[in-house]
Amino acid sequence: MSFELPPMKYDFGALEPIIDARTVEIHHDKHQATYLKNLNAALEKAPQFFDWPLEKILVSLDQLPAEIRTAVKNNGGGVYNHNLYWDSMAPSHASQPVGSLAKAIEATFGSFDQFKAEFEKAGLGRFGSGYAWLSVDPSKKLVIHSTANQDCPLQENLTPILVVDVWEHAYYLKYQNRRAEYLSSWWLLVDWQVAEERYLAAL
Ligand code: MN
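Residues numbered from 1 in each chain as written. Predicted model: local features only at pLDDT ≥ 70, side-chain atom pairs only at ≥ 80, totals over all residues. Heavy atoms only, no water.

## A few points about the environment of Ser-60
Move 1: Summarising the element assignment, Ser-60 is placed in the loop between helix H2 (54–58) and helix H3 (66–88).
Move 2: In this structure, the C-alpha to C-alpha distance between Ser-60 and Phe-49, residues 11 residues apart in sequence, is 11 Å.
Move 3: Within the structure, Ser-60 has its side chain in polar contact with the backbone oxygen of Lys-56 (distance 2.6 Å). (Helix = DSSP H or I, 4+ residues; strand = E, 2+ residues; numbered from the N terminus. Polar contact = N/O pair within 3.5 Å; in protein donor to acceptor, adjacent residues only side chain to side chain.)

## Quick word on the pairing of strand E3 (residues 159–165)
Move 1: Within E3, six of the seven residues are buried, leaving the element largely enclosed by the surrounding structure.
Move 2: Where strand E1 (residues 130–136) lies against E3, six bridges are found, and the strand directions are antiparallel. By the bridge assignment for E3, Ala-132 is matched with Val-164. (Buried < 20%, exposed > 50% of the residue type's maximum accessible area, 1.4 Å probe, protein only. Pairing = 2+ DSSP bridges.)

## Notes on the packing of helix H5 (residues 112–125) against helix H7 (residues 179–186)
Move 1: Where H5 contacts H7, the two axes come as close as 10 Å, and the packing angle between them is 145 degrees. H5 and H7 meet at a crossing whose hand is right-handed. Each of Phe-119, Glu-120, Gly-123 and Leu-124 in H5 lies in contact with H7, whose residues at this interface are Arg-179, Ala-180, Leu-183, Ser-184 and Trp-186.
Move 2: Of the residues assigned to the contact of H5 with H7, the class counts are five nonpolar, two polar and two charged. (Axes fitted to C-alpha atoms, helices over the stretch in contact; angles between N-to-C directions. Left-handed = near helix turned anticlockwise from the far one by under 90°. Contact = heavy atoms within 4.5 Å. Nonpolar A, V, L, I, M, F, W, Y, C, P; charged D, E, K, R; others polar.)

Printed below as a string of structure tokens:
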């Protein structure tokens, strides 16, 4: 009847030393759990939407009762974006993209290094809170972009492949004001196998 969070595919400490266990625990069990709680509370007022996939709700906000639209946008986005963020990472420390995505990154951005530089710039350039994304546009081209707050790529007609959370709560305990260091360290956590699967599914 209500939305739930998928199980984490690794322990809170699995992303150490790049992201510390306490940060992952608070991020998942407090921040994301609160988005979930608020999403479910808002949808109690229009419970027929519990039957819809979250992705569909997020691109159909105009069909929701006006008084819950903003709550569902922010909290539903908070649930959806964090699910993708957790899924984008793995403790494997495999540092290179694989398969079709590796080829597409080179063809689109010139090299993996160039791609990393542009992606980090998107994360660093997001003023305030939000995310940096690698997504696929309607012409199936890879694009790097960023979103504010809990907005999501689906609302810009983009299909997300990879995401890093640049809200301060994602890195503050370990990196404080050093978002650039968090972003440049984050590459060691990317689950390129998952990114490849998402890319193939988006084509
Ligand atoms: Mn977050």
